[in-house]
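Summary of structural features
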Amino acid sequence: MDLNWEKLFKRYVWHDDKTPYLTRVANLTSLQARYEIFGYALFMGVLAGLLSVVTLSPTLPHGGATIVPVYAFTVCCATVIFGFTRHPWAAIWCALSPLAALAYFGVWGFHANLEDGDKALLIVVAVAGLLYSRRVVAVARAWHGRAEPG
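Summary of the structure given here.

Take the overall build of the protein chain next. Along its length, the protein chain carries 6 helices and 0 strands. In sequence order, the secondary structure elements of the protein chain are arranged as α-α-α-α-α-α. The dimensions of the protein chain, computed from C-alpha atoms along their principal axes, are 50 × 50 × 20 Å. The proportion of buried residues among the 150 residues of the protein chain is 29%. Pairs at least 24 apart in sequence give 66% of the contacts found in the protein chain among residues at least 6 apart. Within the structure as shown, the protein chain displays about 9,800 Å² of accessible surface, and the carbon and sulfur contribution to it stands at 68%.

Next up on the list: the packing of helix α4 (residues 88-95) against helix α6 (residues 116-145). At their nearest, the axes of α4 and α6 sit 9 Å apart, and the two run at 175° to each other. The angle between the axes of α4 and α6 places the two elements in the roughly antiparallel class. Every residue of α6 that contacts α4 at Pro88, Ala91, Ile92 and Ala95 is listed here: Leu130, Ser133, Val137, Ala140, Arg141 and His144. Tallied by class, the residues present in the contact of α4 with α6 amount to 7 nonpolar, 2 polar and 1 charged.

The end-to-end C-alpha distance of α6 is 44 Å, a good match for the 44 Å that 30 residues give at a rise of 1.5 Å each. Of the positions making up α6, those classed as buried are Ala126, Ser133, Arg135, Val136, Val137, Val139, Ala140 and Trp143. Contacts made by the buried residues of α6 are with α2 (30-54), α3 (67-85), α4 and α5 (97-108).

Conventions adopted
Residues numbered from 1 in each chain as written. Predicted model: local features only at pLDDT ≥ 70, side-chain atom pairs only at ≥ 80, totals over all residues. Heavy atoms only, no water. Helix = DSSP H or I, 4+ residues; strand = E, 2+ residues; numbered from the N terminus. Buried < 20%, exposed > 50% of the residue type's maximum accessible area, 1.4 Å probe, protein only. Contact = heavy atoms within 4.5 Å. Areas by Shrake-Rupley, 256 points an atom, 1.4 Å probe, with all protein chains shown as cover. Axes fitted to C-alpha atoms, helices over the stretch in contact; angles between N-to-C directions. Parallel < 35°, antiparallel > 145°, perpendicular 65-115°, else oblique. Nonpolar A, V, L, I, M, F, W, Y, C, P; charged D, E, K, R; others polar. Expected span 1.5 Å × (residues − 1).

Right, dumping it as structure tokens:
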């Protein structure tokens with residue numbers, strides 16, 4: 001059985017049109033921009049939807065503060081709006097969520113059961129999400145500025 005690893009890798013992991021994350025925003029085609037926005041909206045929508053339910057628990061560090069699940073729900077709604085309209089303002093609202101996570105860690109701290117490595121990993125993931133969110137906002141602005149996106 002002869003496996004063509006390059007073909008399998010391009011088919012399931014990296015595809016030039018469907019995963020254009022190393023392509024500069026100015027060089028993105030409409031199809032690539034659509035796939036990148038769809039992937040981001042799907043990931044953020046599921047994550048924010050789960051967080052809006054999970055953060056209702058009073059055993060988390062924020063206790064019963066209602067601002068946390070309400071904010072997570074607004075991010076979920078903004079993600080749905082962003083996925084359908086590709087509007088830059090919805091992208092900006094979604095892009096602020098990693099910053100909100102860092103603010104959450106600063107105000108309420110971490111769960112008591114987390115070790116130092118887990119805390120560092122959460123901070124690294126939030127900072128990486130914040131850095132990537134800048135790209136998504138740039139893609140949304142480039143998409144919004146096009147005369148005929150399609």
